Amino acid sequence: MRIVRTLACLPLLSVPLFAASPATSSSTAPPRFEAADVHQSPHRNNLYLRGGTLIGDRFMLRDATMVDLIANAYNADPEEVTGGPAWLELYRFDIFAKAPARTSPENVRLMLRSLLADRFKLVARAAIVAQPAFILTAGPSPTLQTSDDTSQPGCQYQQPPKPAAGSAPVPNTSFKFLCHNTTMDQFAQFLHGMLGGKPVVNATGLSGAWDFEFHWSFSQSPKPGFNPLTDAVAALGLKMELKTAPLPAVVVDSINEKPTANAPNLAQIQIGRAHV
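The rules behind the values
- Residues numbered from 1 in each chain as written.
- Predicted model: local features only at pLDDT ≥ 70, side-chain atom pairs only at ≥ 80, totals over all residues.
- Heavy atoms only, no water.
- Helix = DSSP H or I, 4+ residues; strand = E, 2+ residues; numbered from the N terminus.
- Contact = heavy atoms within 4.5 Å.
- Areas by Shrake-Rupley, 256 points an atom, 1.4 Å probe, with all protein chains shown as cover.
- Salt bridge = Lys/Arg side-chain N within 4 Å of Asp/Glu carboxyl O.
- Buried < 20%, exposed > 50% of the residue type's maximum accessible area, 1.4 Å probe, protein only.
- Axes fitted to C-alpha atoms, helices over the stretch in contact; angles between N-to-C directions.
- Parallel < 35°, antiparallel > 145°, perpendicular 65-115°, else oblique.
- Nonpolar A, V, L, I, M, F, W, Y, C, P; charged D, E, K, R; others polar.
- Phe/Tyr/Trp six-rings, centres within 6.5 Å; stacked < 30°, edge-to-face > 60°.
- Lys NZ or Arg CZ within 6 Å of the ring centre and 35° of its normal.

(A) Just the overall build of the chain, in detail. For the chain, the helix and strand inventory stands at five helices and 13 strands. The contacts in the chain between residues at least 6 apart in sequence include a share of 82% that link residues at least 24 apart. Surface accessibility of the chain: about 15200 Å² in total, with carbon and sulfur atoms responsible for 56%.

The structure is reproduced here in structure tokens:
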């Protein structure tokens, strides 16, 4: 069970994190799919989330947990979904839906939000929730250089040197990134991706942009709780610690485990899987 399900007991403050769309005003009904086939995913050996965009007039999401569906509907990371029962991360669903062609991605998300409310009776809200996060801080002597580079900022992966001709290949256990013109907010976002979406909060107090090399090794260590990424950050004179921080979240207040039945005329609407 992921940690997000354990956060419902933590203090939270509801806020309008998701900007209201004209389609959601009190005078206009929220957009809805023209029709939708919703069912639990069949057994598959390789489960992974597929779809999430409108192709023509068809929308598809397959092998999606309810956490995946809510994150997609609210344009959030799965780690930001909290509250609700444990099955939100266990059961997987397939959704095939029809929408007007050229519907904007924002309206597709609103349609998915309406579908979850209609078919699963989802009640969710945006909030600031105290939740586990990696806090990035600066030590007394960070090994960073002030950048005068004006090119596109970011951390670029560097290919390792090719082995000499005729020599046996050596497994690569380390990665090198050259970071240039990179702010600490951007570096925190980079680490967020390296950690598989876990939140990283920039609390370094370092302003401006920086140039530095970032080396990440997969080498093992006997130290309890060893995290090679944490050690790689420490080599820069920074520190990354797992603590608690108030962060944006989508809080699930209530939801039904089973969706309402599909409409009986789906075959006539031609919403079948072969058409998606």
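Here the narrative resumes, following the displayed structure.
(B) Fine view of the pattern of salt bridges. Taken as a whole and assessed by the stated rule, the structure comprises 10 salt bridges. Between Arg58 and Asp57 there is a salt bridge, with the nearest N and O atoms lying 2.9 Å from each other. Residue classification places Arg58 among the buried positions, given a relative accessible area of 11%. Classification of Asp57 as partly exposed rests on a relative accessible area of 26%. Its salt-bridge partner being Lys243, residue Glu241 comes within 3.5 Å of it at the nearest N-O pair.

(C) Main features of the packing of helix α1 (residues 66-73) against helix α2 (residues 105-120). Viewed as axis vectors pointing N to C, α1 and α2 meet at an angle of 135°, and their least axial separation amounts to 8 Å. Taken together, the axes of α1 and α2 lie oblique to each other. In this structure, α1 uses Met66, Leu69, Ile70, Asn72 and Ala73 to contact α2, whose residues at the interface are Arg109, Leu112, Arg113, Leu116 and Phe120. Partitioning the contact of α1 with α2 into residue classes produces seven nonpolar, one polar and two charged.

(D) Focus on helix α3 (residues 184-194). Those residues of α3 that sit buried are Met184, Phe187, Ala188, Phe190, Leu191 and His192. One or two positions beyond α3, positive phi appears at Gly196, with a value near 70°.

(E) Region of the structure containing the packing of aromatic side chains. Here the structure, examined in full by the defined rule, presents 13 aromatic pairs. For the ring pair Phe190 and Phe214, a centre distance of 5.9 Å and an interplane angle of 85° mean the geometry is edge-to-face. Highlighted residues: Phe190 in helix α3 and Phe214 in strand β12 (residues 210-217), separated in sequence by 24 residues. Here Phe190 and Phe214 have matching classes, each one buried. Grouping aromatic residues by their ring pairs yields a cluster made of Tyr157, Phe175, Phe177, Phe187, Phe190, Phe212, Phe214 and Trp216. For the cation-ring pair, Arg50 lies above Tyr48, with the distance from its terminal atom to the ring centre recorded as 4.8 Å.

These values are about where atoms sit, not about what they do.
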